[in-house]
Amino acid sequence: MSLRSLSLLALAAALSTPAWAQTAPKPAASPKPAAATSAAPAQLVAAQSEVAFTSRQMGVPVDGRFRRFEAQVQFDPKKPETARIALKVDLASITMGAPESEAEVVKPEWFNTAKFPQATFTSTAVKALGGNRYEVAGQFALKGITRDIVVPVTLAAAGANTVATGGFTLKRLEHRIGEGEWADTSMVANDVAVKFKLTLSGIAPL
């Protein structure tokens, strides 16, 4: 059989192959869904938020608060372990209802705001406890000294916003707050109760 005859036979066989037996091209693979991103940053509602404290002088409680502070919060109620929280407090914005005390605490023996203008907290881990309660571990820096602390925090819905409340006990001498003669804890107690309320918008419903 000639080469021409073999070519014709091969062509005829190919044309006679049923459509179902022919190899169809594979469909393009569907793109994989993008990995879930972290929650969008929440917005602090400053007018409805507060950072305050209570100290004791000669056994008498003295209340104060800070007028200026910032909070950066990324929190997904479904993935609390991925949360990121950072807080900055302007120490010179302290108000205690007594101008002479406010002028005193910014001095080098106390906050030394000229050298250390801010106190900061940066979270390192968030643990859910149930019932919208959490333990937030992080690093607290004040007057050039950084320490690890754990802060209990409770979340509550307030209309379209979310309110985070919590607090911790600050050992002032661990941060050299009140040096020299002011280190005497019979005059000013070592324990200072710090509490906060942060009203945030942009967090998913609890």
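Keep in mind it's a predicted model, so treat the numbers as computed, not measured.

With respect to the pattern of salt bridges
Alright, step 1. On inspection of all chains with the given rule, the structure shows 5 salt bridges.
Alright, step 2. With a shortest N-O distance of 2.9 Å, aspartate 90 and arginine 68 are connected by a salt bridge. Here aspartate 90 is found in strand E5 (residues 84-90), whereas its partner arginine 68 is found in the loop between strand E3 (60-66) and strand E4 (69-74), with 22 residues between them in sequence.
Alright, step 3. Its salt-bridge partner being glutamate 104, residue lysine 107 comes within 3.3 Å of it at the nearest N-O pair.
Alright, step 4. The class for lysine 107 is partly exposed, based on a relative accessible area of 38%.

Brief notes about the pairing of strand E11 (residues 191-201)
Alright, step 1. Bridge analysis of strand E1 (residues 43-44) against E11 gives 2 bridges, and the strand direction is antiparallel. Counterpart to leucine 44 in the pairing with E11 is leucine 200.
Alright, step 2. Two elements, strand E2 (residues 50-57) and E11, share 5 bridges in a ladder whose sense is antiparallel. Looking at E11, one finds that alanine 52 is bridged to lysine 195.
Alright, step 3. Bridge analysis of strand E10 (residues 161-171) against E11 gives 11 bridges, and the strand direction is antiparallel. For threonine 165, the partnering residue across the bridge sits in E11 and is lysine 197.

Things to note about the confidence of the model for the protein
Alright, step 1. Predicted confidence across the protein gives a mean pLDDT of 86, with 82% of residues reaching 70 or more.
Alright, step 2. Confidence drops under a pLDDT of 50 for residues 1-37, and excluding neighbours within four residues, the segment shows 4 contacts in the predicted structure.

As for the nonpolar core
In summary, soluble globular proteins display a tendency toward joint burial of nonpolar side chains.
Alright, step 1. Core analysis: the largest hydrophobic core is formed by 41 residues, its most contacted members being Phe66, Phe111, Phe140 and Leu142.
Alright, step 2. With 5 residues, the top contributor of residues to this core is E11.
Alright, step 3. Ignoring any residue separated from it by four or fewer positions in sequence, one finds phenylalanine 66 in contact with Val51, Phe53, Val89, Asp90, Leu91, Ser93, Ile94 and Phe111.

Focus on the packing of aromatic side chains
Alright, step 1. A complete count under the given rule lists 5 aromatic pairs for this structure.
Alright, step 2. With centroids separated by 5.4 Å and ring planes inclined at 65°, the aromatic side chains of phenylalanine 140 and phenylalanine 168 adopt a geometry described as edge-to-face. You can see phenylalanine 140 sitting in strand E8 (residues 133-142) and its partner phenylalanine 168 sitting in strand E10, a full 28 residues away along the chain.
Alright, step 3. Taken together, Phe53, Phe66 and Phe111 form an aromatic cluster joined through their ring pairs.

Quick word on the side chain of asparagine 112
Alright, step 1. Mapping asparagine 112 onto the fold places it in the loop between helix H2 (99-105) and strand E7 (118-130).
Alright, step 2. For asparagine 112, a relative accessible area of 15% translates into the label buried.
Alright, step 3. Not counting the four nearest positions on each side in its chain, asparagine 112 is found in contact with Val105, Val106, Lys107 and Lys143.

Some thoughts on the side chain of histidine 175
Alright, step 1. Tracing the backbone through its elements, the reader meets histidine 175 in the loop between E10 and E11.
Alright, step 2. Its relative accessible area of 2% is what places histidine 175 among the buried residues.
Alright, step 3. A polar contact is formed between the side chain of histidine 175 and the backbone oxygen of leucine 142, at a distance of 3.2 Å.
Alright, step 4. Beyond its immediate chain neighbours, meaning those up to four positions away, histidine 175 contacts Phe140, Leu142, Lys143, Ile145, Arg147 and Leu170.

Some points on the pairing of E8
Alright, step 1. Across 9 bridges, the pairing between E7 and E8 is antiparallel. Across the sheet, serine 123 pairs through a bridge with glycine 138, a residue of E8.
Alright, step 2. Count of turn residues in the E7/E8 antiparallel hairpin: 2 residues, of which glycine 131 carries a positive phi of about 65°.
Alright, step 3. With 10 bridges joining them, E8 and strand E9 (residues 145-158) adopt antiparallel strand pairing. The residue of E9 that forms the bridge with glutamine 139 is aspartate 148.
Alright, step 4. Connecting E8 to the next strand, E9, in antiparallel fashion are 2 residues, including lysine 143 with a positive phi near 55°.

Cut-offs and rules
Residues numbered from 1 in each chain as written. Predicted model: local features only at pLDDT ≥ 70, side-chain atom pairs only at ≥ 80, totals over all residues. Heavy atoms only, no water. Salt bridge = Lys/Arg side-chain N within 4 Å of Asp/Glu carboxyl O. Helix = DSSP H or I, 4+ residues; strand = E, 2+ residues; numbered from the N terminus. Buried < 20%, exposed > 50% of the residue type's maximum accessible area, 1.4 Å probe, protein only. Pairing = 2+ DSSP bridges. pLDDT = per-residue confidence, 0-100. Contact = heavy atoms within 4.5 Å. Core = buried A, V, L, I, M, F, W, Y, C linked by side-chain atoms within 4.5 Å. Phe/Tyr/Trp six-rings, centres within 6.5 Å; stacked < 30°, edge-to-face > 60°. Polar contact = N/O pair within 3.5 Å; in protein donor to acceptor, adjacent residues only side chain to side chain.

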